[in-house]
Amino acid sequence: QGYETVAQLGVTTTTGDAEGEVVERREVTVGRDDIEALLPRFRGEIKQIPPMYSALKKDGQPLYKLARAGEVVEREARSVNIARLELLALDNAQLRLSVACSKGTYIRTLVEDIGRELGCGGHVAELRRTQAGPFVLAQAISLETLEKAHAEGGSEALDQFLLPSDSGLEHWPLLQLSEHSAYYWLHGQPVRAPEAPKFGMVRVQDHTGRFIGIGEVSDD
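Owing to the predicted nature of the structure, the values given are computational and were not obtained by experimental measurement. Each chain carries its own residue numbering, running from 1 in the written order of its sequence. In keeping with the model being predicted, local features are shown solely for residues with a pLDDT of at least 70 and side-chain atom pairs are shown and tallied solely at 80 or more, while totals for entire chains, interfaces and linings include all residues. In computing side-chain values, all of the structure's heavy atoms are included and hydrogens and water are not.

> Looking at this model, I keep getting lost on the pattern of salt bridges. Mind explaining?
Should the charged atoms of two oppositely charged side chains come close, the side chains can pair. Should a side-chain nitrogen of Lys or Arg be within 4 Å of a carboxyl oxygen of Asp or Glu, the pair is scored as a salt bridge. Evaluated as defined, the whole model comprises 6 salt bridges. Where Glu-24 meets Arg-26, a salt bridge forms, and the shortest distance between an N and an O atom there is 3.0 Å. Categorising residues by exposure relies on relative accessible area from a 1.4 Å probe, with only protein chains included: less than 20% of the type maximum marks a residue as buried, more than 50% marks it as exposed, and the intermediate range marks it as partly exposed. Residue class for Glu-24 comes out partly exposed when judged on its relative accessible area of 36%. Arg-26 sits in the partly exposed class, given a relative accessible area of 42%. The partner of Arg-41 in a salt bridge is Glu-117, with the nearest N and O atoms 2.8 Å apart. Pair noted here: Arg-41 is in the loop between helix H1 (32-38) and strand S4 (44-48) and Glu-117 is in helix H3 (residues 107-118), with a separation of 76 residues, a long-range link. Glu-117 gets classed as partly exposed once you look at its relative accessible area, which sits at 39%. Working definition: helices are DSSP H or I runs of at least four residues, strands are E runs of at least two. Numbering for both runs from the N terminus.

Printed below as a string of structure tokens:
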């Protein structure tokens, strides 16, 4: 997962982002050198306590519902991995960061923890997703482009922007079945594939290269 975020230093909020109410304001006296010296502590595998304003459940109730009712419950720290954490800019008390992280990472919590360690607090003022799995922001098509193509060529003109149905699985091992095996596979039967990995999930194509589903390699 990839993100770019703007952290507003010196202001903490109830939700950890700009939607929440201001809890505290502090003077910001740190500079770029202070931030650069701190960031390495948040790279790699770190522990995070999930925020109360999250969809995690406690006794069947989402935490955000409890938080809105004024309740605070104890949350267990979780291990997450921060593969990239770079300082892009520091403009007065606004800190722009680039983050690559594992699934389950809370950017709000990351920003709050950085702000706390800097001694001034902070919250997420802006957040932009730059990568989701194999998809990156550079691949995005603007709404204006889609509207223009539709106006000029109708619905069929939008087909040019479609990606293959298995494009989200390109990081999975590819298994191409023979025509015989593909037939049985498509009828719900397990098939033998000597060239398959020894374990794990695979994306499956038939002998023509058509995507026909995902599979899991079994012991036999």
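> What is the right way to read the sheet that holds strand S13 (residues 211-217) from this model?
Hydrogen bonding along the main chain pairs the strands of a sheet, whether they run parallel or antiparallel. Two strands qualify as a pair provided that DSSP identifies no fewer than 2 bridges between them. Within the open sheet, the 3 strands sit side by side as S11-S12-S13. Their pairing is mixed. The open sheet has two edge strands, strand S11 (174-176) and S13, and neither has a second partner. Neighbour-to-neighbour, the strand axes of this sheet turn through a mean angle of 35°, independent of strand direction. Axes here refer to lines fitted to C-alpha atoms; in helices the fit is confined to the stretch in contact. Angles between the N-to-C directions go from 0 to 180 degrees.

> When you look at the pairing of strand S9 (residues 122-132) in this model, what are you seeing that I'm missing?
Note on strand geometry: in a regular strand, side chains alternate between the two faces of the sheet. Bridge count between strand S1 (residues 2-9) and S9: 8 bridges; the pairing is antiparallel. Residue pairing across strands places Gln-8 opposite His-123, the latter belonging to S9. Where S9 folds back onto strand S10 (residues 135-136) in an antiparallel hairpin, the turn is made up of 2 residues, including Gly-133, whose phi is positive at roughly 60°.

> Any chance you could explain the packing of aromatic side chains here in plain terms?
The description of an aromatic ring pair uses the distance of the two centres, along with the angle that the planes make with each other. Pairing of aromatic rings covers Phe, Tyr and the six-membered ring of Trp, with a centre-to-centre limit of 6.5 Å; geometry is then stacked below 30 degrees between planes, edge-to-face above 60, and tilted otherwise. The final tally for this structure, using the stated rule, is 1 aromatic pair. Measuring from ring centre to ring centre gives 5.3 Å for Tyr-183 and Tyr-184, while their planes differ by 90°; the resulting arrangement is edge-to-face. Look at Tyr-183 and you get partly exposed, because its relative accessible area is 48%. Owing to a relative accessible area of 32%, Tyr-184 belongs among the partly exposed residues under this scheme.

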